[in-house]
Amino acid sequence: MQRLFYLLLVSAVIVFSGFTATLDEVLAGTVRIETFSESGSLKGRGSGFLISDQGLIVTNHHVMEGAASAIVHLSGGREFRQVIVEDFDEHKDLVLLRVEGIGLPTLSLGKSTESKTGDKIWVLGNTLGEYGNSVSQGVISGVRHNDAGFKYLQFTAAISPGNSGGPVLNENYEVVGVATATRTDGQNVNFAIPVNYVLGMVENRRGLTLAQYREM
């Protein structure tokens, strides 16, 4: 039996290809997410990234699942406490969030349909929920399909708890995947959701409060 470990640490204008970024610029568009229970205790930490300068953020469903409140931290120190769930897909482990902002740093979306075995990639996130703006490098080990028929990317770049929802970038620093899980019985056997699955969510936004999201 495969043992997948989801990488949650327990305790609009969309930018498309054509944007040339530096590593510092894409780090600026990567966020740290803290979630809290109804009692106000810390529930978990994860990562995410901005795809709109007006506050659209992509992360994993398992990062936000069950959260009564959340704080989104930008790498520059700015934080947002009012978080709206624009859409989610629990089967693909994706959530589209929104915070109120203008002129926020964004990441460019690449085409995950063009990703192939052997491609070099970067993974950004908040390793262990403690080491912000961590960067690791590797390759795509394979393009797989799960039992439900959804595609996912297997990659070798090192990830740890807290990296959930962080961007997987191609050599042009365009997002091609969303880091989601690792095999606990292997070494550098990690997985990402193809970013193309995000595009349909952008078109079908629902604007849910966290309370409404928890009830669905």
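Everything below is about the structure shown above.
Residues numbered from 1 in each chain as written. Predicted model: local features only at pLDDT ≥ 70, side-chain atom pairs only at ≥ 80, totals over all residues. Heavy atoms only, no water.

A.B. asks: Looking at this structure, I do not really get the pairing of strand β15 (residues 174-183). What am I missing?
C.D. replies: Every regular strand shows the same layout, with side chains that alternate between the two sheet faces. Burial analysis of β15 places 10 of its 10 residues in the buried class, the great majority of the element. Direction of pairing for strand β10 (residues 108-109) relative to β15: parallel, over a ladder of 2 bridges. What sits directly across from Ser108, in β15, is Glu174. Bridge count for strand β14 (residues 167-169) against β15 is 3 bridges, and the pairing is antiparallel. Note that in β15 the partner of Leu169 across the bridge is Val175. Here β14 hands over to β15 after 4 residues, with Tyr173 in that stretch at a positive phi of 60°. (Buried < 20%, exposed > 50% of the residue type's maximum accessible area, 1.4 Å probe, protein only. Helix = DSSP H or I, 4+ residues; strand = E, 2+ residues; numbered from the N terminus. Pairing = 2+ DSSP bridges.)

A.B. asks: Looking at this structure, I do not really get the pattern of salt bridges. What am I missing?
C.D. replies: Oppositely charged side chains may form a pair once their charged atoms are brought near each other. Taken as a whole and assessed by the stated rule, the structure comprises 7 salt bridges. A salt bridge links Glu34 to Arg45; its shortest N-O distance comes to 3.4 Å. In this pair, Glu34 sits in strand β3 (residues 30-36) while Arg45 sits in strand β4 (residues 42-50), placing the two residues 11 residues apart along the sequence. Arg98 is paired through a salt bridge with Glu100; the nearest N and O atoms lie 2.5 Å apart. Looking at Arg98, the relative accessible area reads 22%, which means it is partly exposed. The class for Glu100 is exposed, based on a relative accessible area of 57%. Ionic contacts of the salt-bridge type, sharing partners, join the residues Arg32, Glu34 and Arg45 into one network. (Salt bridge = Lys/Arg side-chain N within 4 Å of Asp/Glu carboxyl O.)

A.B. asks: What is the right way to look at the packing of aromatic side chains in this model?
C.D. replies: Pairs of aromatic rings are described using the distance from one ring centre to the other and the angle between the two planes. Counted according to the given criterion, the structure contains 4 aromatic pairs. Between Phe150 and Tyr197, the ring centres sit 6.1 Å apart and the planes meet at 80°, which makes this aromatic pair edge-to-face. Of the two residues, Phe150 sits in the loop between β12 (131-145) and β13 (151-155) while Tyr197 sits in helix α3 (residues 196-203), which places them 47 residues apart along the sequence. For Tyr197, a relative accessible area of 26% gives the class partly exposed. Sitting over the face of the ring of Tyr197, Lys92 holds its NZ or CZ atom 5.1 Å from the ring centroid. (Phe/Tyr/Trp six-rings, centres within 6.5 Å; stacked < 30°, edge-to-face > 60°. Lys NZ or Arg CZ within 6 Å of the ring centre and 35° of its normal.)

A.B. asks: Could you clarify how one ought to interpret α3 in this entry?
C.D. replies: Counting along an α-helix, one turn takes 3.6 residues, and residues three or four places apart therefore face a common direction. Here α3 has its buried residues at Val198, Met201 and Val202. In a view along the axis of α3, the buried residues occupy a sector of 105°, so they form one face of it. Structurally, α3 contributes buried residues whose contacts are with β5 (56-59), β8 (84-89) and β9 (94-98). (Arc of directions from axis to C-beta. Contact = heavy atoms within 4.5 Å.)

A.B. asks: How should I be thinking about the environment of Gly29 in this particular structure?
C.D. replies: Take Gly29: it is sitting in the loop between α1 (23-28) and β3. Taking the C-alpha atoms as reference points, Gly29 and Ile71, 42 residues apart in sequence, are found 16 Å from one another. Ignoring anything within four residues of it in the chain, the contact list for Gly29 reads Gly48, Phe49, Leu50, Pro105 and Leu107.

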